[in-house]
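Observations on the three-dimensional arrangement
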Amino acid sequence: MHIITRLDKGGSAETTLLTVSLMNHEKYEVFLAHGLSLESNMSIMEKEAVALDMSMAETKGVRLFALPSLVRRLSFKNDLLAFINIYRLIKRIKPHIVHTHTSKAGALGRPAAYLAGVPIIIHTPHGHVFHSYYGTTTTNIFVYAEKMLSFMTDKIAALTNRERDEHLEEGIASIEKYVIIHSGAMLERLMNMSVDAGAGRGEFGISQDSNVVGVVGRLVPIKGHKYLVSAAKRIIKEFRNTVFVFVGDGYLRSRLERQAESIGVRKNIIFTGWRKDAVEILDLFDILVLPSLNEGMGKVLVEGMALGKPIVASNVGGIIDLVRNGENGILVPPGDSDALGEAILQLLKDKNLSEKLGKNGKARVYPEFDASVMVKAIDDLYESLLISNCSRENNSKRLKP
């Protein structure tokens, strides 16, 4: 049984749906409990895409359970109700394994599973909130809570080595409790994808001789979009034919548009909103940028690498496990518009370097970050824990008089 707070088109939700859909359903009976995703403020198109993904998962044999009280924000009433509902659902289904995803689902699902006597409990954080999200006091509370929850957890599946290391630095759990399982993508489909670049650029009014610098992700503070807007002014000064494409939506959109207007770069920035063809638009980019302040892994980087795109990204979180500075991209300090702009300019000026980084990324990503590798790693983890649990049960029975 998997538990996640919300299903939207974000990385953690997409990875979870991909996992439950691709698992061996002859070997496992798979359940997925989830919230209603109301906090995501999804567009009609995004809701339709999520509904299609959920329908496809059900077609594969996944049984879905919607829990309206399971919300992302802190809410004593909803959280208590969600905990009770999760506990009751677990007692009814009696799963051998409960696998929680993201912070809130992990905070409620793990103690519910523990109290319900579930033999194996696994948690995948999909990033963390140890910095750049909240103030010191709130962050310390979350750190303490994660330490306590780790005692109820058999394994914590980090997306990258760096994500695991950041947990270790906070003393969340011992290193033996961690396993690294990369978030995977359908790489063969990406690598064999055929996109009409001329038609794609034509849709957005981008001339064929323009440089396209793009970013894909929700327009929220943690993604650092404002630093790319700031960097755009200097870049356009040297390369007037540069167009910046922001794929994604979020409550910061109007603020980012005003920022772009105030520094005179609005006409060079395209805000596409949420798009179901985000990967096809990504293929139009000359440079992929990810200026996040905190990032568990950055699944869009995997997609960009599969498409042979050179990358400019912040040297934070799991990004540094995917992007190797000078090899398949350029890493810059988070929140540094000048460094971000300088790195983008370097690639615009040096097409040979840009091409080399893109080729290296494409060579690096497959098959390590393929969805099949991710699902195999999860299956191996389940198998080892089930064998270990059976061994413990057998030993316990032998010790009884």
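Residues numbered from 1 in each chain as written. Predicted model: local features only at pLDDT ≥ 70, side-chain atom pairs only at ≥ 80, totals over all residues. Heavy atoms only, no water.

Further remarks concern the overall build of the protein. Within the protein, the regular secondary structure consists of 16 helices and 13 strands. In terms of overall size, the protein behaves like a compact globule, its C-alpha atoms giving a radius of gyration of 22 Å where 401 residues would be expected to give roughly 21 Å. Across its three principal axes, the protein shows a C-alpha extent of roughly 80 × 40 × 40 Å. Going through the 401 residues of the protein one by one, you find that 54% of them count as buried. Within the protein, residue pairs in contact and separated by at least 24 positions form 72% of the contacts whose partners lie at least 6 positions apart. (Helix = DSSP H or I, 4+ residues; strand = E, 2+ residues; numbered from the N terminus. Rg over C-alpha atoms; globule rule 2.2 N^0.38 Å. Buried < 20%, exposed > 50% of the residue type's maximum accessible area, 1.4 Å probe, protein only. Contact = heavy atoms within 4.5 Å.)

Below, the discussion takes up the packing of helix α14 (residues 337-349) against helix α15 (residues 351-365). At a closest axis distance of 5 Å, the pairing of α14 and α15 adopts a crossing angle of 105°. As the angle between them shows, α14 and α15 are arranged roughly perpendicular. Of α15, the residues touching α14 (which contributes Q346, L347, L348 and K349) are K351, L353, S354 and L357. Residues belonging to the contact of α14 with α15 are distributed by class as follows: 4 nonpolar, 2 polar and 2 charged. (Axes fitted to C-alpha atoms, helices over the stretch in contact; angles between N-to-C directions. Parallel < 35°, antiparallel > 145°, perpendicular 65-115°, else oblique. Nonpolar A, V, L, I, M, F, W, Y, C, P; charged D, E, K, R; others polar.)

Counting across every chain of the model gives 3 aromatic pairs. Aromatic side chains F246 and F271 sit 5.1 Å apart centroid to centroid with 40° between the ring planes, which places their arrangement in the tilted category. Of this pair, F246 sits in strand β9 (residues 242-247) while F271 sits in strand β10 (residues 269-273), and the two are 25 residues apart along the sequence. For F246, a relative accessible area of 1% translates into the label buried. Of the residues examined, F271 reaches a relative accessible area of 9% and is grouped as buried. (Phe/Tyr/Trp six-rings, centres within 6.5 Å; stacked < 30°, edge-to-face > 60°.)

With 15 residues, helix α5 (residues 136-150) ought to run about 21 Å at 1.5 Å a step, and its terminal C-alpha atoms sit 21 Å apart, in line with that. Along α5, the residues classified as buried are T139, V143, E146, L149 and S150. An end-on view of α5 places all buried positions within 125° of arc, on one side of the element. Within α5, the exposed residues directed more than 90 degrees away from the buried face are T137, I141 and Y144. Residues of α5 that are buried in the fold lie against α4 (103-115) and β6 (155-158). (Expected span 1.5 Å × (residues − 1). Arc of directions from axis to C-beta.)

This brings us to the sheet that holds strand β2 (residues 31-34). Pairing is parallel across the open sheet formed by 7 strands, whose spatial order is β3-β2-β1-β4-β5-β6-β7. Either end of the sheet is taken by a strand with one partner, and the two such strands are β3 (63-66) and β7 (178-180). Averaged over all pairs of adjacent strands, the angle between their axes in this sheet comes to 20°, without regard to strand direction. Two strands pair when backbone bridges link them, and strand β1 (residues 2-4) and strand β4 (residues 97-101) are joined in this way by 3 bridges, in the parallel orientation. Within the sheet, the bridge partner assigned to I4 lies in β4 and is H101. Sitting on the sheet, helix α1 (residues 11-22) touches β1, β2 and β4, and the angle it makes with β1 is about 165°. Packing against the sheet, α4 makes contact with β1, β4 and β5 (120-124), and its axis sits at approximately 160° to β4. (Pairing = 2+ DSSP bridges.)

Two side chains with opposite charge may pair up if their charged atoms get near one another. Applying the stated criterion to the full structure yields 25 salt bridges. In this structure, the salt-bridge partner of D379 is K27, at a minimum N-O distance of 3.0 Å. Here K27 lies in the loop between α1 and β2 and D379 lies in helix α16 (residues 371-399), a separation of 352 residues in the sequence. For K27, a relative accessible area of 40% gives the class partly exposed. Of the charged contacts, one joins R110 and E146 as a salt bridge, the two residues approaching to 3.1 Å between their closest N and O atoms. Here R110, found in helix α4, pairs with E146, found in helix α5; they are 36 residues apart in sequence, far enough to count as distant. The buried category is assigned to R110, whose relative accessible area is 0%. For E146, a relative accessible area of 12% gives the class buried. (Salt bridge = Lys/Arg side-chain N within 4 Å of Asp/Glu carboxyl O.)

Any functional reading would require information beyond the geometric quantities listed.
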